[in-house]
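# Secondary and tertiary structure notes
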Amino acid sequence: MSEEAAELPYVLGVDVGTTRTAAAVCRLGGAGRGEPEPVGLGGPGGGVATSLQLTPDGAFAVGEPGDPRWTATGFARRVGDAVPVVLGTDAGGERFTPEELTALLVMWVTDQVAAREGERPEHVVLAHPPAWGPYAKGLVHRALRSVGVEASLVPEPVAAAENHAFTRSFAGSLGVFSLGSHAFSASVVGRGLDLLHTVDGVDQAAGVDFDDAVFEHVRGSLGRALAEPVADDPRTRGLLARLRRDCEAAKRVLSGTVETSIPVHLPSGRVDVPITRARFEDLIRPHVEQAVSVFSRVATGVEMTVLVGGSARIPLIAASVPGRVVLEAAPETSVVKGAALAARRLVMGPDAEPEPIETSVLVRDDDPLLRFPVGGLEPADVEFTAPPPRPPVDITPLDLPERRTVKRVVRGLVPTGARRARDSEDGR
């Protein structure tokens, strides 16, 4: 990042996913089109694990999950749930609502980006699951304000459509097929960037289930050689955790090659289990067909379909979704880049945006003679121009013991890796 870019005002998009949290910025001045730029947050792949670990001194550490008794994960998908997240021991545990934890992570991301940029963002947009209604959005707005963050909320499919519209206009409706590590959704977004229809696949298999399929392939290939040592020898308990990570890595590799192997570190030595893309596709095909069936019922008559989410890289997905399909080189960043673009449009207005340019990757086009129309964007949906109304029902606080406030608990928020390094230096 150049010094000139760092001095330009910017807006921020945040995507608090089930597994990872990502951020992107858009510049509000200077030459160019205001391209969205993903921001590195210190974790693998540029984002950071969506986890908050409560430390003994009352602060939170952000990063890879630690002791499950003290670590909160998956809270963004639980917003609106009346059951609190309890961190710590049963006798003296701290209780947090999912929206409080979500707001704390958004605050941390905002602070990290502000430290990098040297100033606060002009505006923040948080992408949220499409199933959030006015009640859930009202809870999150209130939680964000309590930690000093004013933000607009945009449904994830609309953010994905915003990102797509930046490079390629669409005249009709747009299908959004979203498949991440833990969640699947099928949505339709109108040309005016309004969410017309959406279905959350609660019971639909996603990326972690594909990892499990690869793991079962390895287990079946090795048979008792894998099962017996793990069951009988406590020293090999870490083998399964390492193997699952290698299975996930093999899944990603198979998106770009036709064959790979999975290392298995048995007590007797290392064994490499081969797997082909064809074999992997056979393992996940029933899950993919089910997801495509759900999407086909929802997204009837769409002009084209955008694939988003890390698992959308799998070639079988693009080959199975009907109609015209577009896939970015990094589909896991489509939503957060769209959130940053939505923030830029909120600040500068739709008229400030230049005509789209065609840069998306066209995965398949059933009619090679067809061309994507290029035109101006219509005004944004009202949800983009103003925060959603306060919930129509009273929010009754839970009758819980008095605890520390969010602002007090959040002091000293640090990345997990940094805390470990500091503790090592202190000899603790």
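Residues numbered from 1 in each chain as written. Predicted model: local features only at pLDDT ≥ 70, side-chain atom pairs only at ≥ 80, totals over all residues. Heavy atoms only, no water.

## Here we look at helix α2 (residues 98-117)
Selection criterion: In this text, helices come from DSSP runs of H or I with a minimum length of four residues, and strands from runs of E with a minimum of two, each type numbered from the N-terminal end. What a helix is expected to span follows from its residue count: subtract one and scale by 1.5 Å. A simple rule labels every residue: compare its accessible area, found with a 1.4 Å probe on the protein chains alone, to the largest value its type can have, and call it buried under 20%, exposed over 50%, or partly exposed in between.
Spanning 20 residues, α2 covers 29 Å between terminal C-alpha atoms, matching the ideal 28 Å at 1.5 Å per step. With 16 of its 20 residues buried, α2 lies for the most part within the structure. Downstream of α2 by one or two residues, Gly118 has phi in the positive range, about 85°.

## Considering helix α5 (residues 207-222)
In an α-helix, one full turn covers 3.6 residues, which means residues spaced three or four apart are oriented alike. Its 16 residues place the ends of α5 23 Å apart at the C-alpha level, agreeing with the 22 Å of an ideal helix rising 1.5 Å per residue. Residues Gly207, Phe210, Asp211, Ala213, Val214, Phe215, His217, Val218 and Leu222 constitute the buried set of α5. Where α5 ends, the next residue or the one after it, Gly223, has phi of about 60°, a positive value.

## Notes on the pairing of strand β10 (residues 124-128)
Note the following rule: For two strands to count as paired, DSSP must find a minimum of two bridges between them. Assignment of crossover handedness uses the view with strands pointing away from the viewer, where a clockwise path from the first strand over the helix to the second indicates a right-handed crossover.
The buried fraction of β10 amounts to five of the five residues, a majority that puts the element mostly inside the structure. In this structure, strand β1 (residues 10-16) lies alongside β10, joined through four bridges in parallel fashion. Paired with Gly13 across the strands is Val125, a residue of β10. Once you follow β10 into helix α3 (residues 134-146) and on to strand β11 (residues 151-155), the crossover reads as right-handed.

## Remarks on unusual backbone geometry
Positive phi, close to 60°, is recorded for Leu193, a residue that is not glycine. Along the chain, Leu193 turns up in the loop between β13 (184-189) and β14 (195-200). Assessed through its relative accessible area of 1%, Leu193 is described here as buried.

## Observations regarding the packing of helix α4 (residues 156-167) against helix α10 (residues 334-348)
The condition is simple: Fitted lines through C-alpha atoms give the axes, limited to the stretch in contact for helices. The angle between two N-to-C directions lies from 0 to 180 degrees. Here roughly perpendicular refers to angles of 65 to 115 degrees, roughly parallel to angles under 35, roughly antiparallel to angles over 145, and oblique to all remaining angles. Any two residues having at least one pair of non-hydrogen atoms within 4.5 Å are treated as being in contact. Any residue that is not Ala, Val, Leu, Ile, Met, Phe, Trp, Tyr, Cys, Pro, Asp, Glu, Lys or Arg is counted as polar, Gly included; the first ten are nonpolar and the last four charged.
Interhelical geometry of α4 versus α10 gives an angle of 75° and a closest axis separation of 7 Å. The pairing of α4 with α10 is recorded here as roughly perpendicular in orientation. For the pair α4 and α10, contact is made by Glu156, Ala159, Ala160, Glu162, Asn163 and Phe166 and by Ser334, Val335, Lys337, Gly338, Ala339, Leu341, Ala342 and Arg345, respectively. Split into classes, the residues belonging to the contact of α4 with α10 amount to seven nonpolar, three polar and four charged.

## Thoughts on the confidence of the model for the protein
What counts is decided by this rule: Confidence of the predictor in every single residue is expressed as pLDDT, which spans 0 to 100.
Across the protein, pLDDT averages 80, with 74% of residues at or above 70. In the predicted structure, residues 357-405 sits below a pLDDT of 50 and forms 98 contacts with residues beyond four places in sequence or in another chain. Note that residues 408-413 has pLDDT below 50 and, in this model, 18 contacts with residues that lie over four places away or in other chains.

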